[in-house]
Amino acid sequence: MIRQALVIIDQSRISQHAQDFAFALAKKKKIRLTAVGIVDTPWLTAAQPEPLGGMSVKIRGDEALVRNTTHTTKIYLDEFYASAQKAKIPCSIRQVDGVPAVEVNKISQEYDFIITPPKIDLHHELEKPNLGFLIDLGQTTARPIYVIPGAYPARSKTVILAFDGSASASKAIYLYILMGFAKGKDLHVISVDKNTDQAEEHCRQIVRLANSHGLKPQTHAIASSTRPEGKVLELADKVEAAEIVMGAFGHSALHEMLFGSCARTLLEKAKIPLFIHH
């Protein structure tokens with residue numbers, strides 16, 4: 001049974017979507033939320049080429065930049081807390097300072113799962129937000145991550161379970177079921193493989209797992225040598241899915257070093273929440 005979630009926030013519009021999703025989930029599952037704001041001091045104070053005598057100026061500038069970032073982070077954390085209190089959702093806030101993925105990974109051990117936008121504005125418009133933080137976190141955290149890219153289509157109960165036979169996808173689907181997220185959902189299992197028999201067997205494996213938990217998913221075994229993310233997105237559009245559950249890595253030989261290319265593409269293109277695990 002899940003008890004609490006860690007919500008990573010910033011001051012962006014996309015972060016507001018993650019907050020809305022977290023609030024809706026907290027009300028439904030009666031869980032406690034903890035919002036975390038990140039001050040990336042190592043990046044803000046990183047060494048730069050300086051003219052002779054310029055180091056003292058840089059130090060003062062760095063100190064001011066860290067103070068301003070800390071102050072801004074406190075503002076949006078306080079706003080999150082006030083909104084949670086108004087919605088009568090149990091909530092706490094905390095701020096971490098350091099290498100973002102490292103610090104969040106440390107505290108994530110205290111929570112059941114993580115909710116985050118795909119791109120966090122860590123540097124407050126000093127650098128364009130990207131997937132770097134999420135990829136770093138996804139490679140290290142022991143907790144599943146709900147990635148919220150946009151407004152949540154709460155009326156839909158359809159969920160895609162994408163399975164390629166990898167341990168990563170297996171763990172993601174298993175945890176999604178075990179944590180109670182699959183209950184009451186219209187589940188669709190998809191497996192894409194150049195070998196039809198293999199795709200069908202992957203689907204059967206997830207069906208057997210789901211059946212043991214009282215769930216009855218539909219299956220979509222697709223024989224194709226094309227990249228699987230396109231087929232996953234096509235099915236999501238066709239069935240008007242609300243969420244996609246998937247692994248962060250596939251069977252690539254480089255999976256220990258690189259975030260799976262399929263996961264990267266879905267993080268960039270999907271307009272619905274993704275539940276991922278490595």
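With that out of the way, let us pick up the overall build of the chain. Secondary structure summary: the chain contains nine helices and 10 strands in total. Evaluated residue by residue, the chain yields a buried proportion of 48% over its 278 residues. When contacts within the chain are restricted to residue pairs at least 6 apart in sequence, long-range pairs at least 24 apart make up 79% of them. Accessible surface, the chain: about 13,900 Å² in total, of which carbon and sulfur atoms supply 53%.

This part covers the sheet that holds strand 3 (residues 91–97). One open sheet accounts for 10 strands, arranged 3-2-1-4-5-10-9-6-7-8; its pairing is mixed. Lying at the two open borders of the sheet, with one neighbouring strand each, are strand 3 and strand 8 (218–223). This sheet shows a mean twist of 25° between the axes of neighbouring strands, independent of strand direction. Relative to strand 3, strand 2 (residues 32–39) is paired through seven bridges, and the arrangement is parallel. Looking at the pairing, valine 36 lines up with arginine 94 of strand 3. Against the sheet, helix 1 (residues 13–29) contacts strand 1 (4–8), strand 2, strand 4 (113–116), strand 5 (145–147) and strand 9 (243–247), and its axis sits at roughly 140° relative to strand 4.

A few words now on the environment of isoleucine 114. Tracing the backbone shows isoleucine 114 in strand 4. Overall, the relative accessible area of 0% leaves isoleucine 114 in the buried class. Measuring from C-alpha to C-alpha, the distance between isoleucine 114 and isoleucine 8 comes to 7.5 Å, with 106 residues separating the pair along the chain. With sequence-adjacent residues up to four places away left out, isoleucine 114 is seen in contact with Leu6, Ile8, Ser108, Leu137, Thr141, Arg143, Pro144, Ile145 and Tyr146.

Ranked by size, the top nonpolar core spans 43 residues in total, and within it Leu33, Phe113, Ile115, Tyr146, Leu161, Tyr176 and Phe181 carry the most contacts. With 36 residues, the next largest nonpolar core counts Val36, Leu137, Ile160 and Leu266 among its residues.

With that out of the way, let us pick up the pattern of salt bridges. Applying the stated criterion across every chain, the model contains six salt bridges. Between glutamate 110 and arginine 94 there is a salt bridge, with the nearest N and O atoms lying 3.0 Å from each other. In this pair, glutamate 110 is assigned in the loop between helix 4 (100–108) and strand 4 and arginine 94 in strand 3, connecting sequence segments 16 residues apart. Judged by relative accessible area, which is 27%, arginine 94 ranks as partly exposed. A salt bridge links glutamate 201 to arginine 204; the nearest nitrogen and oxygen atoms lie 3.0 Å apart. Residue glutamate 201 and its partner arginine 204 are both found in helix 7 (residues 196–212); the two are separated by three residues, about one turn of the helix.

Before going further, it helps to examine the packing of helix 6 (residues 167–178) against helix 7. Close contact between helix 6 and helix 7 brings their axes to 11 Å; oriented N to C, the two are set at 20°. Taken together, the axes of helix 6 and helix 7 lie roughly parallel to each other. Regarding helix 6 and helix 7, the two cross each other, and that crossing is right-handed. Touching Ile173, Tyr174 and Ile177 of helix 6 are Ile206, Leu209 and Ala210, all from helix 7. Broken down by class, the residue content of the contact of helix 6 with helix 7 amounts to six nonpolar, no polar and no charged.

Turning our eyes to something else, we now look at the packing of aromatic side chains. Considering all chains together, one arrives at nine aromatic pairs under this definition. Seen in terms of ring centroids, tyrosine 176 and phenylalanine 181 are 5.7 Å apart; in terms of plane orientation they differ by 40°. Their pairing is tilted. Judged by its relative accessible area of 3%, phenylalanine 181 falls in the buried class. Of the aromatic side chains, those joined through ring pairs into one cluster are Phe21, Phe113, Tyr146, Tyr176, Phe181 and Phe275.

Another aspect to go through is helix 6. Given 3.6 residues per helical turn, the α-helix brings residues three or four places apart onto the same face. Relative to the 16 Å expected for 12 residues at 1.5 Å per residue, helix 6 spans 16 Å between its end C-alpha atoms, a close match to the ideal helical length. Residues of helix 6 that are buried: Ser168, Ala169, Ala172, Ile173, Leu175, Tyr176 and Ile177. For helix 6, the secondary structure elements touched by its buried residues are strand 5, strand 6 (158–162), helix 7, strand 9 and strand 10 (274–277).

Criteria and thresholds
Residues numbered from 1 in each chain as written. Predicted model: local features only at pLDDT ≥ 70, side-chain atom pairs only at ≥ 80, totals over all residues. Heavy atoms only, no water. Helix = DSSP H or I, 4+ residues; strand = E, 2+ residues; numbered from the N terminus. Buried < 20%, exposed > 50% of the residue type's maximum accessible area, 1.4 Å probe, protein only. Contact = heavy atoms within 4.5 Å. Areas by Shrake-Rupley, 256 points an atom, 1.4 Å probe, with all protein chains shown as cover. Pairing = 2+ DSSP bridges. Axes fitted to C-alpha atoms, helices over the stretch in contact; angles between N-to-C directions. Core = buried A, V, L, I, M, F, W, Y, C linked by side-chain atoms within 4.5 Å. Salt bridge = Lys/Arg side-chain N within 4 Å of Asp/Glu carboxyl O. Parallel < 35°, antiparallel > 145°, perpendicular 65-115°, else oblique. Left-handed = near helix turned anticlockwise from the far one by under 90°. Nonpolar A, V, L, I, M, F, W, Y, C, P; charged D, E, K, R; others polar. Phe/Tyr/Trp six-rings, centres within 6.5 Å; stacked < 30°, edge-to-face > 60°. Expected span 1.5 Å × (residues − 1).

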